[in-house]
Every structure is written in C-alpha cells, then in structure tokens.
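# Structure at a glance
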Amino acid sequence: MANINLLPWRDAKRQEKKKEFFTVLGGFAILGVLCAYVWISAVQGTIDNQNSRNKMLQSEIDALQKQVAEIQELKKRRAELLERMKVIQDLQGTRPVIVRYFDELVRAVPEGVYLTKLSRGKNKLSIEGAAESLNRISSLMRNLENSDWFNGANMSKIDEASGADSGSTIQRFTMTVNTTSPRKEGEDEEGNG
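Given the structure is predicted, the values throughout are model-derived calculations rather than measurements.

## Focus: the overall build of the protein
The helix and strand inventory of the protein stands at 3 helices and 4 strands. Starting at the N terminus and walking to the C terminus, you meet the elements of the protein as α-β-β-α-β-β-α. Expressed as a percentage of the 193 residues in the protein, the buried residues total 16%. Taking contacts inside the protein between residues at least 6 apart in sequence as the whole, the part at least 24 apart equals 57%. Entry remark: accessible area of the protein is about 15600 Å², with carbon and sulfur atoms responsible for 56%.

See below:
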C-alpha cells in the first residue's frame, strides 16, 4: 500500500525556513552593529588623535610666540643700546672739537678785547664782550672769519659805555659766529689720537 503523509509538512517546512531566515537576519544585524561599532570607534580614535596633535601644535605655537616676543624685546633693547652707543661715540668724537673751538677763539681775540659771556647753540657761538675801540672789534671779526673753525661773524649790537677810568670809553658788543669743523683737520685729529 502507498504511504501518504497527512501531516502538514508544508507548514513545518515554512516554519523551519522562517526560523532560518530570522537566524540569518539576527546574525547580519549583530554583524552590522559590530561593524558600526568598529567604524565609530575608529573614527573617534582618529578624532581623539587629531585633537591631541592639535593641542601639541597649539602648545608649540604658544612657546614659539613667547620666543618671538622675547626676540622682539631683545631687538628693541639692542636698538636702544646702539642708540646710546652712537650718542656716546658722538660725544667722544666732538670732545676735541670743543677744545679746538676755545683754542681758535683765544687766538682770534686781539689785545684790548675782553669776552664776558660765551654761549653755544647747535652751530652758533654767541659772544658778548667789551673792547677798547671799534678797531679792536673789527680785528676780532676778521680773525674769526680767517679761522678754519669759525665763519659768518655777525655783529648784533654795539654800545658805548664809560670805563673804570674817568676819561676812557669802552665798546660793549654782542655778536654771533657760525662754528664749523674743517674736514682735513678733523680727520688728522682722529688719525692722531
């Protein structure tokens, strides 16, 4: 006789396929979650690594900015020191010139002329004094003009006053003269000492 299976085998096969489908679906879901976790962890690790590199770079930049500020301060101090050295060198260089001015002035003052006040501006020398006669004042002006260290003598004022003796008169004068520094003599002085 023939075997006839009357059991609902199609329902059982369907249930088995359904169970197999959900098992595979669950496996792929777990695999997808696992892949997503690994990918998120890798991205987060890359972000953390970049943030730590950024912090390191920022700390290096801050250190370099401090060094740049120190260098700027040192350059400023260097410029100030160079300026001071230049002033000192200028003073050292002009020190013999003042002595030379006085020496030339003493040589230019003729007998009978007395200087009462000297004042020096940047390139001018103001002279106040007294003389026994106008000829002596003219002689002083000529001597100053002939000097290598003075030029442009300009008389500002002449007054006649009575002297200490009852019969004598003196001439009071005020004049200005330009001061110069001859190139050849200045170079000789620097070469000699």
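## Quick word on the pairing of strand S1 (residues 113-120)
In this sheet, strand S2 (residues 124-131) lies alongside S1 in antiparallel orientation, the contact comprising 7 bridges. Each bridged residue has a counterpart across the sheet, and for Lys117 the counterpart in S2 is Glu128. Once S1 ends, the chain turns through 3 residues before running back antiparallel as S2.

## Here we look at the packing of aromatic side chains
One pass over the structure, following the stated rule, counts 3 aromatic pairs. Each ring, one from Tyr101 and one from Trp149, has its centre 5.6 Å from the other, and the planes form 85°; the classification is edge-to-face. With Tyr101 in helix H1 (residues 9-108) and Trp149 in the loop between helix H2 (134-146) and strand S3 (150-162), this residue pair connects regions lying 48 residues apart in the sequence. Ring geometry for Tyr101 versus Phe150: centroids 5.7 Å apart, planes at 35°, classification tilted. Placement of Tyr101 in helix H1 and of Phe150 in strand S3 is noted, with a sequence separation of 49 residues between them.

What counts, and where the lines are drawn
- Residues numbered from 1 in each chain as written.
- Predicted model: local features only at pLDDT ≥ 70, side-chain atom pairs only at ≥ 80, totals over all residues.
- Heavy atoms only, no water.
- Helix = DSSP H or I, 4+ residues; strand = E, 2+ residues; numbered from the N terminus.
- Buried < 20%, exposed > 50% of the residue type's maximum accessible area, 1.4 Å probe, protein only.
- Contact = heavy atoms within 4.5 Å.
- Areas by Shrake-Rupley, 256 points an atom, 1.4 Å probe, with all protein chains shown as cover.
- Pairing = 2+ DSSP bridges.
- Phe/Tyr/Trp six-rings, centres within 6.5 Å; stacked < 30°, edge-to-face > 60°.

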